[in-house]
Amino acid sequence: MITQVDRYGVMGYPVSHSRSPVIHRLFALQTGHALQYELLQVPPDKLEDSIQQFIRTGGRGLNITVPHKTEVTRFVNQLSERASNAGAVNTLAFEDGEVFGDNTDGVGLLRDLIGNLELDLNGANILILGAGGATRGILAPLLEVQPASITIANRTLTKARALAEQFSGVGPINACRFREVSRRAHYNLIINATSAGLTGEIPPYPEAAVSADSFCYDLSYGLTPTPFSRWALEHGARQSVMGWGMLVEQAAESFHIWRGVHPDTAAVLSQISITA
Ligand code: ATR
C-alpha cells in the first residue's frame, strides 16, 4: 500500500530563491513529522486555480509569498485577526473544505527581536524605513509591546501618513520623509522595511537616525551583508542584524499552525544563516 505523505509548499512568483523548503524539511526531520514541502512557481493569473488544484491533490497547507500575499486574502474563508491587520496572508491551512488564512510575519519578527536578540522594546523609540506591505504587516505586533513611539519614514510621505493614520488608534505612531528624521529622537531600533535592497540600491536613508544606541534590523537577508546592514554599521549603529531570525521564526509559527508542534528554531537558524 502506498501511504501519501502530507503535502505543503510555498507559492510565489518568482520563488526559486526561497529558503522555505530547506527550513521546513529541517523542522520535519527535527520533529519526526513525515511531510513533503515544494516550491511552487505560480503567476498571479493562476493563483486561485493553483491553490484549488493543490488542495485537490492532497495539499494540507501553503506559505504564500511575493507578489500574492494581499491577493490571496480573497480566496480565504477564515482570516485571522493578525492577517486582517496586516492586510496580507503568508500561511494557508486547508481543513474540512475550509481555507484558513493567517500571517506569521509579525510574530516571527517579534520572536527574533525579543526572544533571540533579547531587545527590550517596551518604552523604545522605533523607526521603520518604508511604508509598503512589509511595514503594514509588522505595525500591529510592534505596537502591542508598547514602545514609546513608532515613526514611519518613507520616500513617499503620503503612504507613510496613510499607514500612521490607520494604526493611530492602537498606539503612538507618526510619519515623515527620510530627510525629516530628527537627530534628537534617539531611536533604539531602526527597521529597514523598504524593498530597495532587492535591487542592491541604497536609498538616502536618514543618517541622523543612527546613534551608538541604535540597533538596526533589516527585514531582508542575504549570505553577505545587505546594503542597509552595511550602511547601518558604517554610520555607527550599535549592532546590525539581517532578517534570518524572522524568516525562521515565521516559518516555525506556520509549522505550528499545520502540525501542532513548535520546532526548535535556534538549531535551524544556525544551520541556514550567517551573521552580518
Ligand atoms: P513590500 O511589500 O516589500 O513592502 P511594497 O509594498 O512595494 O513592497 O513597498 C516597498 C517599499 O520600499 C516602499 O516603502 C517604497 O517606497 P515608496 O513608497 O516611496 O515607493 C520603498 N522603496 C523601494 N525602493 C526604494 C528606493 N530605491 N528608495 C527608497 N524607498 C524605496
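Residues numbered from 1 in each chain as written. Predicted model: local features only at pLDDT ≥ 70, side-chain atom pairs only at ≥ 80, totals over all residues. Heavy atoms only, no water.

Got a sec to walk through the nonpolar core? Specific residues and values, please.
In this structure, Leu121, Leu142, Leu189, Ile191 and Tyr217 are the most contacted members of the largest nonpolar core, which totals 30 residues. Those elements that place two or more of their residues in this core are helix H4 (105–116), strand E7 (125–129), helix H5 (133–144), strand E8 (149–153), helix H6 (157–167), strand E10 (189–192) and strand E11 (215–218). Residue contributions to this core peak at five residues, all from H5. When sequence neighbours within four positions are dropped, the list of residues in contact with Leu121 reads Leu110, Leu113, Ile114, Leu142, Val145, Gln146, Pro147 and Leu189. Formed by 21 residues, the second largest nonpolar core is a distinct cluster that contains Tyr37, Ala251, Trp258 and Ile272. (Core = buried A, V, L, I, M, F, W, Y, C linked by side-chain atoms within 4.5 Å. Buried < 20%, exposed > 50% of the residue type's maximum accessible area, 1.4 Å probe, protein only. Helix = DSSP H or I, 4+ residues; strand = E, 2+ residues; numbered from the N terminus. Contact = heavy atoms within 4.5 Å.)

So, the domain arrangement of the protein chain: which residues are in play, and what are the values?
By domain assignment, the protein chain separates into domain 1 (6–103 + 248–275) and domain 2 (106–242). With centres defined by C-alpha atoms, the gap from domain 1 to domain 2 works out at 25 Å. Each partner contributes to the interface: domain 1 provides 13 residues, whereas domain 2 provides 14 residues. Between domain 1 and domain 2 lies a buried interface of about 1,100 Å² when both sides are counted; carbon and sulfur atoms form 53% of it. In this assembly, domain 1 and domain 2 are joined by one salt bridge. Notably, a salt bridge pairs Arg111 with Glu253, separated by 2.8 Å at the nearest N-O pair. For the pair domain 1 and domain 2, the number of links is five residue pairs in polar contact (both at pLDDT 80 or more). Looking at the side of domain 1 that touches domain 2, the elements that each hand over two or more residues are helix H3 (81–86) and helix H8 (244–259). Of the residues assigned to the side of domain 1 that touches domain 2, the class counts are three nonpolar, six polar and four charged. (Domains from an automatic or database assignment. Buried area = accessible area lost by both parts, 1.4 Å probe. Salt bridge = Lys/Arg side-chain N within 4 Å of Asp/Glu carboxyl O. Polar contact = N/O pair within 3.5 Å; in protein donor to acceptor, adjacent residues only side chain to side chain. Nonpolar A, V, L, I, M, F, W, Y, C, P; charged D, E, K, R; others polar.)

Describe in detail the packing of aromatic side chains, supporting the description with residues and values.
Counted according to the given criterion, the structure contains nine aromatic pairs. When the centroid spacing of 4.8 Å and the interplanar angle of 45 degrees are considered together, the rings of Tyr221 and Trp244 count as tilted. Of the two residues, Tyr221 sits in the loop between E11 and helix H7 (227–234) while Trp244 sits in helix H8, which places them 23 residues apart along the sequence. Relative accessible area serves as the criterion here: at 3%, Trp244 is assigned to the buried category. By the ring-pair criterion, three or more aromatic residues cluster together here, those being Phe178, Tyr205, Phe228 and Trp231. (Phe/Tyr/Trp six-rings, centres within 6.5 Å; stacked < 30°, edge-to-face > 60°.)

Residue-level account of unusual backbone geometry, with values.
Between Tyr13 and the following residue, Pro14, the backbone shows a cis peptide bond with an omega angle of 0 degrees. Residue placement: Pro14 occurs in the loop between strand E1 (6–12) and helix H1 (20–31). Residue Pro67 is bonded to the preceding Val66 through a cis peptide linkage, with omega at 5 degrees. Positionally, Pro67 belongs in the loop between strand E3 (59–64) and strand E4 (78–79). Although it is not a glycine, Asp96 sits at a positive phi angle of roughly 50 degrees.

Report on the side chain of Ser80, specifying residues and quantitative values.
Within the secondary structure layout, Ser80 lies in the loop between E4 and H3. The class for Ser80 is buried, based on a relative accessible area of 11%. Among the polar contacts made by the side chain of Ser80, one reaches the main-chain amide nitrogen of Ala83 at a distance of 3.1 Å. Filtering out sequence-adjacent residues up to four positions away, Ser80 remains in contact with Phe100, Gly101, Asp102 and Asn103.

Run through the sheet that holds strand E9 (residues 173–176), naming residues and quoting values.
Ordered in space as E9-E8-E7-E10-E11-E12, the six strands form an open sheet in which the pairing is parallel. The two strands at the open ends of the sheet, each matched to only one other strand, are E9 and strand E12 (239–242). When strand polarity is set aside, the average angle formed by the axes of neighbouring strands in this sheet is 20 degrees. Pairing geometry for E10 and E11, over four bridges, is parallel. Each bridged residue has a counterpart across the sheet, and for Ile190 the counterpart in E11 is Cys216. Packing of H7 onto the sheet brings it into contact with E7, E10, E11 and E12, and relative to E11 it is tilted by some 170 degrees. (Pairing = 2+ DSSP bridges. Axes fitted to C-alpha atoms, helices over the stretch in contact; angles between N-to-C directions.)

I'd like to hear about the site of the ligand, residue by residue, with values.
Around the ligand there are 15 residues in total, and Ala131, Asn154, Thr156, Lys159 and Glu201 lie nearest to it. Note that an oxygen atom of the ligand is positioned 2.8 Å from one of the side-chain N or O atoms of Lys159. Residue Ser195 places a main-chain N or O atom 3.0 Å away from an oxygen atom belonging to the ligand. Contact with the protein chains covers 74% of the free accessible surface of the ligand, which is 640 Å². Of the residues contributing to the shell around the ligand, the split by class is five nonpolar, seven polar and three charged. (Near = heavy atom within 4 Å. Areas by Shrake-Rupley, 256 points an atom, 1.4 Å probe, with all protein chains shown as cover.)

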